[in-house]
Amino acid sequence: MKIKICGMKYPENSKEIAALQPDYLGFIFYDKSPRLLENEIPSLEKSIAKVGVFVNATVKEIKEKARQHQLETIQLHGEESPDFCRSVQLLKLKVIKSFNIDNQFNFKILESYKNYCDYFLFDTKGDKYGGNGTAFDWQLLKQYHLDKPYFLSGGIGPESLVDLQIFLQTESARHCIALDLNSRFETQPGQKNPETLKTFLKKIKEQL
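The structure displayed is predicted, hence computed values, not measured ones.

## With respect to the state of the cysteines
Should the sulfur atoms of two cysteines be covalently bonded, the bond is a disulfide.
Then comes step 1: One pass over the structure, following the stated rule, counts zero disulfides.
Then comes step 2: You can see C6 has no disulfide; the closest cysteine sulfur is in C176, sitting 15 Å from it.
Then comes step 3: C117 takes part in no disulfide bond, and the closest cysteine sulfur to it belongs to C85, at a distance of 5.9 Å.
Then comes step 4: Of the residues examined, C117 reaches a relative accessible area of 2% and is grouped as buried.

If you want it as structure tokens, here you go:
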């Protein structure tokens, strides 16, 4: 199971978290987010993929940020269309398309996106585009019948281990390739707690 730690804001904290060897570090380029990246991304090991998170941005904005920060992967966290996802793929960037899940979510809409992104990301529908700190009902993923790999996001915290153990043994988790960690490991928006994350990642490796 791969690990993505998202919403990194401060360079020194990014270095601390990078030392834990996650597979992905996410940096947010959305002006309304309290986790908006306002600095340069520090130098990271090549084994850690840098993910730029955008909400309803333009292709030009994404292209500029990708070049500036040497982003390998783009996470589209707004209402981007399948055609828009394809436009970003044409920049030779990997695309994670995020969807906010609640009881009303229509999983059939994913069909039109499957050929234009590399991964899906399933997050909790809330007042904000992300970082709401609450989990959605993972049982809803029984309705997911595509073979596109996905990231599980939304309110995963230190107390989620038992629930994750149970969920990841289900058929619904067959294509879950990564866990997305954010607000439940913060001391303030964008500032991650290295010790809490270190403990959690150690338990993940031991138990999952």
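## Remarks on helix α5 (residues 194-207)
Then comes step 1: The end-to-end C-alpha distance of α5 is 20 Å, a good match for the 20 Å that 14 residues give at a rise of 1.5 Å each.
Then comes step 2: Every buried residue of α5 is listed here: L197, F200, L201 and I204. Angularly, the buried residues of α5 cover 100 degrees about the axis, an arc narrow enough to put them on a single face. Seen from the buried face of α5, the exposed residues on the opposite side, beyond 90 degrees, are E195, K202 and E206.
Then comes step 3: On the buried face of α5, the contacting elements are β1 (2-5), α1 (11-18), α4 (161-167), β8 (176-181) and β10 (191-192).

## So, helix α3 (residues 82-89)
Then comes step 1: Listing the buried residues of α3 in full gives P82, F84, C85 and V88. Projected down its long axis, α3 shows its buried positions confined to an angular sector of 160 degrees, all on one face.
Then comes step 2: Contacts from the buried residues of α3 go to α2 (59-69), β4 (73-76) and β5 (94-101).

Cut-offs used in this document
Residues numbered from 1 in each chain as written. Predicted model: local features only at pLDDT ≥ 70, side-chain atom pairs only at ≥ 80, totals over all residues. Heavy atoms only, no water. Disulfide = S-S within 2.5 Å. Buried < 20%, exposed > 50% of the residue type's maximum accessible area, 1.4 Å probe, protein only. Helix = DSSP H or I, 4+ residues; strand = E, 2+ residues; numbered from the N terminus. Expected span 1.5 Å × (residues − 1). Arc of directions from axis to C-beta. Contact = heavy atoms within 4.5 Å.

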